[in-house]
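Each chain, letter by letter, is given below.
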Amino acid sequence: KAEKAEHRHASDHRHGTGKEEIDSDQEDLIPDNWFIRLVHCIAWVLTVALSLLSLVFIGYQLWALYVPYCIAKFKGDATYRFPEYFYRVWGHDATDLTSEHWGYLGACAAMAFMSFRYVVPQHPFQSRTTRSHLKGE
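In this text, all values refer to a predicted model and were calculated from it rather than measured experimentally. (Residues numbered from 1 in each chain as written. Predicted model: local features only at pLDDT ≥ 70, side-chain atom pairs only at ≥ 80, totals over all residues. Heavy atoms only, no water.)

One number sums up the size of the second largest pocket: a volume of about 260 Å³. Taken together, the elements giving at least two residues each to the lining of the second largest pocket come down to helix 3 (34–75), helix 4 (84–90) and helix 5 (99–119). For the lining of the second largest pocket, the leading source of residues is helix 3, giving five residues. Along the lines of polarity and charge, the residues of the lining of the second largest pocket split into 11 nonpolar, two polar and no charged. (1 Å grid on protein atoms, 1.4 Å probe; cavity = no way out; pocket = protein on both sides within 12 Å on 5 of 7 lines; lining within 4 Å. Points joined across faces, edges and corners; volume = space filled by probe spheres on them. Helix = DSSP H or I, 4+ residues; strand = E, 2+ residues; numbered from the N terminus. Nonpolar A, V, L, I, M, F, W, Y, C, P; charged D, E, K, R; others polar.)

Structure follows, in structure tokens:
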């Protein structure tokens, strides 16, 4: 009898009779315990801190490196020199910002955007009734 019911249930899914049930694992029914909430809180705080720090680094790099370089290129200033730290990393023969430099800036900006757009709004301090458990949906 149980095999027939199982077969009928599988048949309903194949033929789309509208009798589909939402299957859930037992772990989806167990509320998050304090340890999981603590880990989520720590991870969220670290994500916010590192995302803010990346914005500070982006701002500094724009101020110290990228904007002055672009202005010098636009004006045709051949006497422009990068900040000293740039030469310690890239050597004294570096004269231009390459696609690698622009790629680093773009990757950091994309990471910060994704973090502030998708991770930071899902903070662990909102009430449990207003946030949904994505795994259970």
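Back to the write-up after that little detour.
Here we come to the packing of aromatic side chains. Summed over the entire model, instances satisfying the criterion amount to 11 aromatic pairs. Relative to tyrosine 85, the ring of tyrosine 60 lies with its centre 6.4 Å away and its plane at 35 degrees, an arrangement referred to as tilted. One end of the pair, tyrosine 60, is in helix 3; the other, tyrosine 85, is in helix 4, with 25 residues separating them in the sequence. Residue tyrosine 60 is classed as partly exposed on the basis of its relative accessible area of 39%. Note on tyrosine 85: relative accessible area 23%, which makes it partly exposed. Members of the aromatic cluster, joined through ring pairs, are Tyr69, Tyr80, Phe82, Phe86, Tyr87 and Trp90. (Phe/Tyr/Trp six-rings, centres within 6.5 Å; stacked < 30°, edge-to-face > 60°. Buried < 20%, exposed > 50% of the residue type's maximum accessible area, 1.4 Å probe, protein only.)

This paragraph deals with the environment of tryptophan 44. With respect to the helices, strands and loops of the structure, tryptophan 44 is situated in helix 3. Given a relative accessible area of 16%, tryptophan 44 falls into the buried group. The spacing of tryptophan 44 and valine 120 is 76 residues in sequence and 7.1 Å in space, taken between C-alpha atoms. Not counting the four nearest positions on each side in its chain, tryptophan 44 is found in contact with Val119, Val120, Gln122, His123, Pro124 and Phe125. Of the polar contacts made by the side chain of tryptophan 44, one reaches the backbone oxygen of valine 120; its length is 3.0 Å. (Contact = heavy atoms within 4.5 Å. Polar contact = N/O pair within 3.5 Å; in protein donor to acceptor, adjacent residues only side chain to side chain.)

This paragraph deals with the environment of histidine 40. Position of histidine 40 among the secondary structure elements: in helix 3. You can call histidine 40 partly exposed: its relative accessible area is 32%. Residues histidine 40 and proline 124, 84 residues apart in the sequence, show an inter-C-alpha distance of 6.7 Å.

Attention shifts here to the pattern of salt bridges. Inspection of the entire model under this criterion finds two salt bridges. Measuring nitrogen to oxygen at the nearest pair gives 2.8 Å for the salt bridge that ties aspartate 96 to lysine 73. Here aspartate 96, found in the loop between helix 4 and helix 5, pairs with lysine 73, found in helix 3; they are 23 residues apart in sequence, far enough to count as distant. Assessed through its relative accessible area of 32%, aspartate 96 is described here as partly exposed. Measuring nitrogen to oxygen at the nearest pair gives 3.9 Å for the salt bridge that ties arginine 81 to glutamate 84. Overall, the relative accessible area of 43% leaves glutamate 84 in the partly exposed class. (Salt bridge = Lys/Arg side-chain N within 4 Å of Asp/Glu carboxyl O.)

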